[in-house]
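Okay, here's what each chain looks like letter by letter:
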Amino acid sequence: MSRRIAVLGCGTMAGAIVSGLLAAGTDSSSIIATARSSASLERIRSTLGVTASSDNRSAVQGARIVLLGVKPAMAGAVLAEVADALEPGTVIISIAAGVSTTSLSGALAGAGAPEGLPVVRVMPNTPVKVGQGTFIVSAAAGAQAAAEQVRELLAPLGTVVELPETLHDAATAISGSGPAYIFLVAEAMIDAGVALGIPRAQASELTIATMAGSASLMARTGEHPAALRNAVTSPGGSTAAALDQLESHRVRTAFARAIEACCLKAAQLGEGPH
């Protein structure tokens, strides 16, 4: 059987996507994944059950989709390595933060790839590991049909949001890095509960259930978060006292500055080390 999906650089995130695709019914024989170390190759074989190779060029031969999972600074070099082994019409999906479709297309063209290969940038996040990922999809000029293919491919793995590439880094700062912010808030809530005498296991259970329930409430009602927050906050009550502390510590401003810093850093990653 010809290989349909080649994953170049099957690290943690690319591996999570592969795992999700397999869970959604993709035939394992249609996926080949590459890595450089023997330990990584063995991990791919044992945990994912797909073909593993250290040869990027052979991996892309016959592939209809190539998922580029390498570090941002390596993206151009890896595409140049495989460019002339790609087939016409192959869809290139890059999850390399900060690397523009213009840069990716330039690397392909400069190394003899078939003309006009569609390039689509995707930023996933770690909840893809449990089938609840969020994917930001941004297509290069002329690659809208390929973007639709990518949407269909990723839809079983979570939520897919298509945005213009000009907003890709900003969306990365909210969604791609967003789980880290949520985990930090969860950690703080759990630690605060422990400090007040709640056993850690129960503090964790309460925090996780509260976060999951609150997210579901927002999703299902469609109400603005401010309206939902006001519904929990009685004048002069305990919730109001807690929110007053958060506001006095400028939590909103801290999040705004953090997301802005993340956006700027994401834009720099494709340029090399900083």
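Our subject in this report is the structure included herewith. (Residues numbered from 1 in each chain as written. Predicted model: local features only at pLDDT ≥ 70, side-chain atom pairs only at ≥ 80, totals over all residues. Heavy atoms only, no water.)

### Let's talk about the overall build of the chain
As a reminder, the rule being used: Secondary structure follows DSSP: runs of H or I at least 4 residues long count as helices, runs of E at least 2 residues long count as strands, and numbering of each begins at the N terminus. Residue burial is assigned from relative accessible area. The probe radius is 1.4 Å, only protein chains are included, and a residue is buried under 20% of its type maximum, exposed over 50%, and partly exposed in between. For this analysis, residues touch if any pair of their heavy atoms sits within 4.5 Å. All accessibility values rest on the Shrake-Rupley procedure with a 1.4 Å probe; residue burial counts only the protein chains present in the view. By the counting rule applied here, Lys and Arg register as positive and Asp and Glu as negative, while His and the ends of each chain are not counted. Note on charges: their place is set at NZ of Lys, CZ of Arg, CG of Asp or CD of Glu.
Scanning the chain for helices and strands turns up 12 helices and eight strands. With the principal axes as the frame, the chain shows a C-alpha extent of 70 × 40 × 35 Å. Taking all 274 residues of the chain together, the buried fraction comes to 36%. If you take every contact in the chain between residues at least 6 apart in sequence, the share linking residues at least 24 apart comes to 67%. Of the accessible surface of the chain, which amounts to about 14,400 Å², a share of 59% is contributed by carbon and sulfur atoms. Distance from the positive charge centre (18 side chains) to the negative charge centre (20 side chains) of the chain: 4 Å.

### Observations regarding the sheet that holds strand S2 (residues 31–34)
Heads up, the condition is: For two strands to be treated as a pair, DSSP must find at least two bridges joining them. A fitted line through C-alpha atoms represents every axis, and for helices the fit uses only the stretch in contact; the resulting angles, taken between N-to-C directions, go from 0 to 180 degrees.
Overall, mixed pairing links the eight strands, which are arranged S3-S2-S1-S4-S5-S6-S7-S8 in an open sheet. The open sheet has two edge strands with one neighbour each: strand S3 (51–53) and strand S8 (158–162). The average undirected angle you get between the axes of adjacent strands in this sheet is 25 degrees. Sheet analysis places strand S1 (residues 5–8) next to strand S4 (residues 65–68), joined by four bridges and oriented parallel.

### Some details on helix H7 (residues 168–176)
The complete set of buried residues in H7 reads His168, Asp169, Ala171, Thr172, Ala173 and Ser175. Here the buried face of H7 lies against strand S6 (119–123), strand S7 (133–139), helix H8 (178–195) and helix H12 (251–269).

### Some thoughts on the pattern of salt bridges
One side chain can pair with another of opposite charge once the charged atoms of both are near each other. Using the following cut-off: Note on definitions: salt bridges are taken to be side-chain nitrogens of Lys or Arg within 4 Å of carboxyl oxygens of Asp or Glu.
Applying the stated criterion across every chain, the model contains six salt bridges. Measuring nitrogen to oxygen at the nearest pair gives 3.0 Å for the salt bridge that ties Glu165 to Arg121. Note that Glu165 is positioned in the loop between S8 and H7 and Arg121 in strand S6, a separation of 44 residues in sequence. Since its relative accessible area comes to 22%, Glu165 is described here as partly exposed. A relative accessible area of 3% means that Arg121 is categorised as buried. Each of Arg121, Glu165 and Asp169 takes part in a single network of salt bridges with overlapping partners.

### Here's the deal with a nonpolar patch on the surface
Put simply, the rule is: Residues form patches when they are more than 30% accessible in relative terms and have no salt bridge. Like charges link within 9 Å. Nonpolar side chains (Val, Leu, Ile, Met, Phe, Trp, Tyr) link within 5 Å.
There is a patch of nonpolar side chains on the surface, built from Val185, Met189 and Phe255 and spanning about 220 Å² of accessible area. As for its position among the elements, Val185 is in helix H8.

### Quick notes on the packing of H8 against helix H9 (residues 200–221)
Spelled out, the test is: Here is the rule for angles: anything less than 35 degrees is roughly parallel, anything more than 145 is roughly antiparallel, 65 through 115 is roughly perpendicular, and the remaining ranges are oblique. Each crossing gets its handedness from the near helix: less than a right angle anticlockwise from the far helix is left-handed, clockwise is right-handed.
Contact pair H8 / H9: the axes reach a minimum separation of 9 Å and the direction vectors enclose 140 degrees. With respect to H9, the element H8 is oriented oblique. As H8 packs across H9, the resulting crossing turns out to be right-handed. Residues Ile182, Val185, Ala186, Met189, Ile190, Asp191 and Val194 of H8 touch H9, and the partners they reach there are Arg200, Ala203, Ser204, Thr207 and Met211.

### Some thoughts on the nonpolar core
We count it as follows: Throughout this description, the term nonpolar core refers to a set of buried Ala, Val, Leu, Ile, Met, Phe, Trp, Tyr and Cys residues connected via side-chain atoms within 4.5 Å.
With 60 residues, the main nonpolar core has Val7 and Val122 as its most contacted residues. Dropping the residues within four chain positions of it, Val122 is found in contact with Ile93, Ser94, Ile95, Phe135, Ile136, Val137, Val150, Leu154 and His168.

### Comments concerning the side chain of Thr90
Test applied: Here a polar contact is taken to be a pair of N or O atoms separated by no more than 3.5 Å, where protein atoms must pair a possible hydrogen donor with a possible acceptor and residues adjacent in sequence count only if both atoms sit in side chains.
Along the polypeptide, Thr90 turns up in the loop between helix H4 (75–82) and strand S5 (91–94). Residue class for Thr90 comes out buried when judged on its relative accessible area of 1%. For Thr90, the side chain forms a polar contact with the main-chain oxygen of Ala63, separated by 3.2 Å. Within the structure, Thr90 has its side chain in polar contact with the backbone oxygen of Glu87 (distance 2.8 Å).

### Digging into helix H5 (residues 101–110)
Here is the rule we go by: Read the arc as the range of directions from the helix axis to the C-beta atoms.
Three or more residues of H5 are buried, namely Thr101, Leu104, Ala107 and Leu108. The buried side chains of H5 occupy one side of the element, clustering within an arc of 125 degrees when seen end-on. Residues of H5 that are exposed and angled more than 90 degrees away from the buried face: Thr102, Ala109 and Gly110. Looking one or two residues past H5, Gly112 carries a phi angle of roughly 85 degrees, positive in sign.

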